[in-house]
Amino acid sequence: MTTTEPSPTGRRLAGTMSVIQTRSAPPKDMQLDYDKRLMLVSGRANPELAAKIGSKLEVELGGVILKTFSNGEVYCRYKESVRGADVFIVQPICGNPDYGLSANDALMELLELIDAAVGGSAHRVIAVTPWYGYSRQDKKSAPREPISARLVARMLESAGIDRILTMDLHSGQIQGFFQKPCDHMTAVFMLTQYFADLDLEDLVVVSPDVGRVKLNKNFASKIGADLAILNKERPAQQVAEIGYVIGEVAGKTAVLVDDLIDTAGTLKAAARAVREAGARRVYAAATHGVFSGNAWENLAAAGFEQIVVTDTLPLPPGAPSNVRVLSCADLLTNSIRQIFTDGSVSDVFGGENQLF
């Protein structure tokens, strides 16, 4: 709009008054009401554990087709959309004789489940692998050996995981093989609570070797027990020789604590050494019950009162009556819930899960 006004000299000047037009600027981002979606699926390595977790989360296991072809190749396909979901894949890297599955089959199946979820546009893919296979091959013990635990970590990350949830790694340093977040759970509190409830007298916790002293010291402090150590040597893989016992076990109830029981050769030798040192009764406790080879025969010959493990791996057939299995489903459920809601996983343990 233009107007003219008289100037001090009597001349009229044209003046201009500008009107600013206001309008909304285009947004710099798009705000969406995003509802997170959790999907829980299971491989064939330990479907019973996955079913327990699903029941506690109050979600049904996602539909997935899993099979092994006649040539030995494994195959998977999701039956429903995974787009935009946080997909939690429960698959310890272990065999399952009920499905004719080997540890290597389980690893390949896990990789395929991860790749299929990534290709299906999942929001996040989380491997729930309570038993981390190849964890004992975490360093070079001889020239020209692979570091297989590191290789498995690279394979999982190459397949596309966003994070991994695991339990009681053979060595805590394996977490360093991952570039993605690694949530490391522990079953120590479950096991210590079990032995505290047994109310055993004159307890001594016995470490099978010096490498497990810190774990066993924590275990002993939580149940108010003494600590002893076994001097162990390995002349060959899966062969253990116990030299002597460091500490007092005579007249006491000994609890041998380790992270896993495989062929049970170490436990058999350890139980014999502890009994020869004068222990009255001997128990065994471990997070992972692998139980391969002659495990049942070795455990039967060892004469344990009880062998206590968790269900990170399925229990092979033929287990003796003194094997007790504690479920880690509650622990994994709480951890999954915290990951899904972006909560604190360490709060599940009050920040006390760094046991190594």
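This one's a predicted model, so the numbers in the text were calculated from it and none came from an experiment. (Residues numbered from 1 in each chain as written. Predicted model: local features only at pLDDT ≥ 70, side-chain atom pairs only at ≥ 80, totals over all residues. Heavy atoms only, no water.)

Caption draft 1: View of the sheet that holds strand S9 (residues 182–185). With parallel pairing, 5 strands are arranged side by side in an open sheet as S3-S6-S7-S8-S9. The open sheet has two edge strands, strand S3 (38–42) and S9, and neither has a second partner. When strand polarity is set aside, the average angle formed by the axes of neighbouring strands in this sheet is 20°. In this sheet, strand S6 (residues 86–90) lies alongside S3 in parallel orientation, the contact comprising 5 bridges. Bridging across to S6, Leu38 finds its partner in Asp86. Lying over the sheet, helix H8 (residues 329–340) contacts S3, S6, strand S7 (124–129), strand S8 (163–167) and S9, oriented at roughly 160° with respect to S8. (Pairing = 2+ DSSP bridges. Helix = DSSP H or I, 4+ residues; strand = E, 2+ residues; numbered from the N terminus. Axes fitted to C-alpha atoms, helices over the stretch in contact; angles between N-to-C directions. Contact = heavy atoms within 4.5 Å.)

Caption draft 2: The pairing of S6, seen in detail. Summarising burial for S6: 5 of the 5 residues are buried, a large majority. Burial along S6 is two-sided: the face carrying Asp86, Phe88 and Val90 and the face carrying Val87 and Ile89 are both buried. Both S6 and S7 contribute to a ladder of 5 bridges, which runs parallel. Bridging across to S7, Val90 finds its partner in Val128. Handedness of the crossover is the feature at issue here: the chain leaves S6, passes through helix H2 (residues 103–119), returns alongside S7, and the resulting connection is right-handed. (Buried < 20%, exposed > 50% of the residue type's maximum accessible area, 1.4 Å probe, protein only. Right-handed = clockwise from strand over helix to strand, strands pointing away.)

Caption draft 3: Main features of a positive patch on the surface. On the surface, a cluster of positive charge is contributed by Lys140, Arg144, Arg150 and Arg154. Among the structural elements, Arg144 can be located in the loop between S7 and helix H3 (148–159). Overall, the relative accessible area of 77% leaves Arg144 in the exposed class. (Patch = residues over 30% accessible without salt bridge, like charges linked within 9 Å, V, L, I, M, F, W, Y side chains within 5 Å. Areas by Shrake-Rupley, 256 points an atom, 1.4 Å probe, with all protein chains shown as cover. Salt bridge = Lys/Arg side-chain N within 4 Å of Asp/Glu carboxyl O. Lys, Arg positive; Asp, Glu negative; His and termini not counted. Charge placed at Lys NZ, Arg CZ, Asp CG, Glu CD.)

Caption draft 4: How the structure looks around the nonpolar core. If you look at the biggest cluster of nonpolar residues, it comprises 32 residues, and the most contacted ones within it are Tyr78, Val87, Ile89, Tyr132 and Leu156. When residues of this core are traced back to their parent elements, those giving at least two are S3, strand S4 (64–68), strand S5 (74–78), S6, H2, S7 and H3. In terms of residue count, the dominant contributor to this core is H2 (6 residues). Ile89 has contacts with Val41, Tyr78, Leu110, Leu113, Ile114, Val125, Ile126, Ala127 and Val128, leaving out every residue within four places of it along the chain. (Core = buried A, V, L, I, M, F, W, Y, C linked by side-chain atoms within 4.5 Å.)

Caption draft 5: The arrangement of the pattern of salt bridges in detail. Taken as a whole, this structure holds 13 salt bridges when the rule is applied. Put simply, Asp262 and Arg136 hold a salt bridge, and the shortest N to O gap is 2.9 Å. In this pair, Asp262 is assigned in the loop between strand S13 (253–261) and helix H6 (265–276) and Arg136 in the loop between S7 and H3, connecting sequence segments 126 residues apart. Take Arg136: its relative accessible area is 36%, and that puts it in the partly exposed class. Between Asp259 and Arg212 there is a salt bridge, and its shortest N-O distance comes to 3.4 Å. Taken together, the residues span a long stretch of sequence, with Asp259 in strand S13 and Arg212 in the loop between strand S10 (203–207) and helix H5 (213–223) at a distance of 47 residues. If you follow the salt bridges from partner to partner, you end up with Lys36, Asp86, Arg124 and Asp342 in one network.

Caption draft 6: Expanded view of the environment of Pro181. The residue Pro181 is located in the loop between S8 and S9 in this model. For the pair formed by Pro181 and Ile126, sequence separation is 55 residues and the distance between their alpha carbons is 9.8 Å. Look past the residues within four positions of Pro181 in its chain and what remains in contact with it is Asp162, Arg163 and Ile164.

Caption draft 7: Spatial organisation of the packing of aromatic side chains. If you walk through the whole model with that rule in mind, you get 6 aromatic pairs. Here the aromatic rings of Tyr194 and Phe195 are separated by 5.6 Å at their centres, their planes lie at 85°, and the arrangement is edge-to-face. Each member of the pair, Tyr194 as well as Phe195, is classed as buried. With 6.2 Å between their ring centres and 70° between their planes, Phe195 and Phe219 make a pair best called edge-to-face. (Phe/Tyr/Trp six-rings, centres within 6.5 Å; stacked < 30°, edge-to-face > 60°.)

Caption draft 8: Structural detail: the pairing of S4. In terms of strand pairing, S4 meets S5 through 5 bridges, oriented antiparallel. Looking at S5, one finds that Leu66 is bridged to Cys76. What sits between the antiparallel neighbours S4 and S5 is a turn of 5 residues, in which Gly72 has the positive phi angle 95°.

Caption draft 9: Summary view of the packing of H6 against helix H7 (residues 295–302). One can describe the packing of H6 onto H7 by two numbers: an axis separation of 8 Å at closest approach and a directional angle of 10°. Here H6 is positioned roughly parallel relative to H7, judged by the angle of their axes. Packed against H6, whose contacting residues are Gly265, Leu267, Lys268, Ala271 and Arg275, the element H7 presents Asn298, Leu299, Ala301 and Ala302 at the interface. Each residue belonging to the contact of H6 with H7 can be placed in one class, and the counts come to 5 nonpolar, 2 polar and 2 charged. (Parallel < 35°, antiparallel > 145°, perpendicular 65-115°, else oblique. Nonpolar A, V, L, I, M, F, W, Y, C, P; charged D, E, K, R; others polar.)

Caption draft 10: Broad picture of the side chain of Thr129. With respect to the helices and strands, Thr129 occurs in strand S7. Of the residues examined, Thr129 reaches a relative accessible area of 0% and is grouped as buried. The contact partners of Thr129, leaving out residues within four places of it in the chain, are Gln91, Pro92, Ile93, Leu110, Ile164, Leu165, Thr166 and Met167.

Caption draft 11: View of unusual backbone geometry. The backbone phi angle of Arg144 is positive, close to 65°, even though this residue is not glycine. One non-glycine residue with positive phi stands out, namely Asp202, at about 50°. Among the structural elements, Asp202 can be located in the loop between helix H4 (188–198) and S10. Note on Asp202: relative accessible area 48%, which makes it partly exposed.

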